[in-house]
2 protein chains.
Amino acid sequence: MTIIKNITVLFLIGAVLLSCNEHNKSARISPSESQASTLFAKGKQVTNDNFTGTVWLENLIQADSLNQNSVGSVTFEPGGRSKWHTHPAGQILLAIDGIGYYQEKGQPKKILRKGDAIKCPPGIPHWHGASPDSKFVQVAITGREKGETVWLEPVTDKQYNSYK
Amino acid sequence: MTIIKNITVLFLIGAVLLSCNEHNKSARISPSESQASTLFAKGKQVTNDNFTGTVWLENLIQADSLNQNSVGSVTFEPGGRSKWHTHPAGQILLAIDGIGYYQEKGQPKKILRKGDAIKCPPGIPHWHGASPDSKFVQVAITGREKGETVWLEPVTDKQYNSYK
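Residues numbered from 1 in each chain as written. Chains lettered and ligands numbered in written order. Predicted model: local features only at pLDDT ≥ 70, side-chain atom pairs only at ≥ 80, totals over all residues. Heavy atoms only, no water.

### Topic: the overall build of chain A
Moving on, step 1. Of regular secondary structure, chain A possesses three helices and 12 strands.
Moving on, step 2. The buried share among the 164 residues of chain A stands at 41%.
Moving on, step 3. Of the contacts made within chain A by residues no fewer than 6 positions apart, 69% connect residues no fewer than 24 positions apart.
Moving on, step 4. Split by element, the accessible area of chain A, about 8900 Å² in all, is 57% carbon and sulfur. (Helix = DSSP H or I, 4+ residues; strand = E, 2+ residues; numbered from the N terminus. Buried < 20%, exposed > 50% of the residue type's maximum accessible area, 1.4 Å probe, protein only. Contact = heavy atoms within 4.5 Å. Areas by Shrake-Rupley, 256 points an atom, 1.4 Å probe, with all protein chains shown as cover.)

Dropping the structure here:
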């Protein structure tokens, strides 16, 4: 009788564990599903010296004579950032994923999070990039009708780590 | 002795169930977390007659004198679509979620999926919207420097359901 009782108990524990595992399987998101939820491709690693750290660019739309806006998805790895620069016709940034920084010369740094949308006014020196502990993905919409981006000096570690 | 054994077994089953529940809690995505993963807010329902079906608009960036692009996130419920229309300075569409349609006058209908980016050339009559069985979320980048959108006739059910 005791043996039968013990077998029944072991069976019950086994059934609970099995049902628990099945439940977890349906609820869990696998790494591949999580990657598939990325909106745009990461693109190619940027190799020019207009950026600090690791930055990726996927060109989505090229400017042409009919519509002089270009659109690109930029992925900054943690700590990655642009140099200071200006856009002669301005730029619009849409924050897609992660946590990023945006700063205009003489202004406090702004934190950008998924869903934020901001304007970089024409001719205003600014920089943007990832925060130290999170990557940052942005869509950049850049008017080319008044000329190309003007690149300035790098953002120093002191500037990057300052809160203003 | 049997009573102590039974209590121990009940305790063990309880512990397994509790640990199972805790595990599920960390793995499960609640409906509110799932909604939070939407990139932009759905915005307000569009009440003008430039659209068929149910359409929502979240304005992200307003055009101004320095940057004449406006940016908005448009959510079309299944079957929802714009009228035929033209943009004097053109438009860029980024497909954010769901499955949508885009068609220029005299051209086959294109299917738009998450991550697609297309240009609507200036002055070309076209329409866009959701497919019949899936909502469609798009970011629309519209140049306002040559005037506002010109609205034309509605997209008939026959046009909407045709494959060309």
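Read on, since the account is not over.
### Considering the pairing of strand β7 (residues 91-104) of chain B
Residues and elements named next belong to chain B.
Moving on, step 1. In terms of burial, β7 is a largely internal element, 12 of the 14 residues being buried.
Moving on, step 2. Bridging between β7 and strand β9 (residues 117-120) involves four bridges; their strand directions are antiparallel. Across the sheet, residue Q91 finds its bridge partner in β9, namely C120.
Moving on, step 3. Pairing analysis gives seven bridges linking β7 to strand β11 (residues 136-143), with the strands arranged antiparallel. (Pairing = 2+ DSSP bridges.)

### Considering the environment of L66 of chain A
Moving on, step 1. Mapped onto the fold, L66 of chain A is located in the loop between β3 (55-61) and β4 (69-76).
Moving on, step 2. Given a relative accessible area of 52%, L66 of chain A falls into the exposed group.

### Let's talk about the side chain of H126 of chain B
Residues and elements named next belong to chain B.
Moving on, step 1. With respect to the helices, strands and loops of the structure, H126 is situated in strand β10 (residues 126-130).
Moving on, step 2. Since its relative accessible area comes to 0%, H126 is described here as buried.
Moving on, step 3. For H126, the side chain forms a polar contact with the main-chain oxygen of I124, separated by 2.9 Å.
Moving on, step 4. Other than its neighbours up to four places away in sequence, H126 contacts K83, W84, H85, T86, H87, Q91, Y102, Q103, E104 and C120. (Polar contact = N/O pair within 3.5 Å; in protein donor to acceptor, adjacent residues only side chain to side chain.)

### Here's the deal with the confidence of the model for chain A
All names here are of chain A.
Moving on, step 1. Considering every residue of chain A, the mean pLDDT works out to 85; 77% of them sit at 70 or more.
Moving on, step 2. Residue range residues 16-36 is modelled with pLDDT below 50. Its contacts to residues more than four positions away, or to other chains, number 17 contacts.
Moving on, step 3. For this predicted complex, the interface confidence comes out at an ipTM of 0.77, alongside a pTM of 0.78. (pLDDT = per-residue confidence, 0-100.)

### Here's the deal with the environment of L60 of chain A
Moving on, step 1. With respect to the helices, strands and loops of the structure, L60 of chain A is situated in strand β3.
Moving on, step 2. As a C-alpha pair, L60 of chain A and E153 of chain A span 93 residues in sequence and 27 Å in three-dimensional space.

### Concerning the pattern of salt bridges
Residue and element names in this part refer to chain B.
Moving on, step 1. Inspection of the entire model under this criterion finds 12 salt bridges over all chains.
Moving on, step 2. A salt bridge links D157 to R81; the nearest nitrogen and oxygen atoms lie 2.8 Å apart. Here the residue D157 occupies a position in helix α3 (residues 157-161), and R81 occupies one in strand β5 (residues 81-82), the gap between them amounting to 76 residues. (Salt bridge = Lys/Arg side-chain N within 4 Å of Asp/Glu carboxyl O.)

### Remarks on the packing of aromatic side chains
Moving on, step 1. Inspection of the entire model under this criterion finds 12 aromatic pairs over all chains.
Moving on, step 2. Note on W127 of chain B and Y160 of chain B: the rings are 5.8 Å apart at their centroids and 45° apart in plane angle, and the pair reads as tilted. In this pair, W127 of chain B is assigned in strand β10 and Y160 of chain B in helix α3, connecting sequence segments 33 residues apart. In terms of burial, W127 of chain B and Y160 of chain B fall into one category: buried.
Moving on, step 3. Among the aromatic side chains, those forming a connected cluster through ring pairs are F51, F76, F136 and W151 of chain A.
Moving on, step 4. For the cation-ring pair, K42 of chain A lies above W56 of chain A, with the distance from its terminal atom to the ring centre recorded as 4.4 Å.
Moving on, step 5. For R81 of chain A, the ring lying beneath its charged end belongs to Y160 of chain A, and the centroid distance is 4.3 Å. (Phe/Tyr/Trp six-rings, centres within 6.5 Å; stacked < 30°, edge-to-face > 60°. Lys NZ or Arg CZ within 6 Å of the ring centre and 35° of its normal.)

### Looking at the pairing of strand β8 (residues 110-113) of chain B
All names here are of chain B.
Moving on, step 1. Taken together, the four bridges between β7 and β8 define a ladder with antiparallel strand orientation. Paired with I99 across the two strands is R113, which belongs to β8.
Moving on, step 2. In this structure, the hairpin formed by β7 and β8 is closed by a connection of five residues, where G106 is found at a positive phi of approximately 80°.

### What to know about the environment of D116 of chain A
Residues and elements named next belong to chain A.
Moving on, step 1. With respect to the helices and strands, D116 occurs in the loop between β8 (110-113) and β9 (117-120).
Moving on, step 2. Judged by its relative accessible area of 30%, D116 falls in the partly exposed class.
Moving on, step 3. With residues near it in sequence (within four places) discarded, D116 still touches L93, L94, A95 and I111.
Moving on, step 4. For D116, the side chain forms a polar contact with the main-chain nitrogen of R113, separated by 2.8 Å.

### Digging into the side chain of E104 of chain A
Residues and elements named next belong to chain A.
Moving on, step 1. Along the chain, E104 falls in strand β7 (residues 91-104).
Moving on, step 2. Salt bridges are absent for the buried E104, whose nearest opposite-charge side chain, K110, sits at 5.4 Å.
Moving on, step 3. In contact with E104, not counting residues within four places along its chain, are W84, K119, P121, I124, P125 and H126. (Lys, Arg positive; Asp, Glu negative; His and termini not counted.)

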